[in-house]
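Summary of structural features
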Amino acid sequence: MKKSLAMIICLIILSISAVFPQNLPSVDKTKTDAVNQVANEWTADDIVMSEQASSVQISPDYGWIVWVKSVPNKEKDKNISNLILSSLKEKKEIQLTRGTDGVSDPK
């Protein structure tokens, strides 16, 4: 039960961080509401080019998760997937694989 709950929490956190980028441009407060709304809307390209998290596995001691991070490559018109190891106890993330060959499932 603890493992299922921890996995669900991790998936939610990873999904939120992938969907809401941290470096959003600031919007001038003097603009009208209509202009602000248009400036904050996502385009289809924003969604297609967003990073994705998948295949989350939790360590037996609940201290680490390994997951697949997929980042779109516009030039090659495909996603590049790499394994990421993240600590659940401290703010630490280690990229385990690199390159243009994708990975799909940490085991």
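Up top is the structure.
What counts and how
- Residues numbered from 1 in each chain as written.
- Predicted model: local features only at pLDDT ≥ 70, side-chain atom pairs only at ≥ 80, totals over all residues.
- Heavy atoms only, no water.
- Buried < 20%, exposed > 50% of the residue type's maximum accessible area, 1.4 Å probe, protein only.
- Helix = DSSP H or I, 4+ residues; strand = E, 2+ residues; numbered from the N terminus.
- Pairing = 2+ DSSP bridges.
- Core = buried A, V, L, I, M, F, W, Y, C linked by side-chain atoms within 4.5 Å.
- Salt bridge = Lys/Arg side-chain N within 4 Å of Asp/Glu carboxyl O.
- Contact = heavy atoms within 4.5 Å.

**Notes on the pairing of strand β2 (residues 64-73)**
- Among the ten residues in β2, seven count as buried, and that is most of the element.
- As paired strands, strand β1 (residues 52-58) and β2 are joined by five bridges and run antiparallel to one another. By the bridge assignment for β2, Ile58 is matched with Ile65.
- The hairpin turn running from β1 into β2, its antiparallel successor, is five residues long, and Tyr62 in that turn takes a positive phi close to 60°.
- Summarising the sheet, β2 and strand β3 (residues 78-87) pair through ten bridges and their orientation is antiparallel. Note that in β3 the partner of Pro72 across the bridge is Asn79.
- Counting the residues in the hairpin turn of β2 and β3 gives four residues, including Asp77, whose phi is positive at 55°.

**Brief notes about the nonpolar core**
- Among the nonpolar cores identified, the biggest contains five residues, and these are Val56, Ile58, Ile65, Trp67 and Ile84.
- Broken down by secondary-structure element, the contributors of at least two residues to this core are β1 and β2.

**Overview of the pattern of salt bridges**
- Taken as a whole and assessed by the stated rule, the structure comprises one salt bridge.
- Glu51 serves as the salt-bridge partner of Lys69, at 3.7 Å between the closest nitrogen and oxygen. Of this pair, Lys69 sits in strand β2 while Glu51 sits in the loop between α3 (44-48) and β1, placing them 18 residues apart in sequence.
- With relative accessibility at 23%, the residue Lys69 sits in the partly exposed group.
- With a relative accessible area of 37%, Glu51 lands in the partly exposed category.

**Structural notes on the pairing of β3**
- Extensive coverage of β3 is indicated by the burial of seven of its ten residues.
- The antiparallel hairpin formed by β3 and strand β4 (residues 93-95) contains five residues in its connecting segment.

**Quick notes on the environment of Gln95**
- Here Gln95 is to be found in strand β4.
- Separated by 13 residues in the primary sequence, Gln95 and Asn82 place their C-alpha atoms 7.2 Å from one another.
- Ignoring sequence-local partners within four residues, the contact set of Gln95 consists of Asn82, Leu83 and Ile84.

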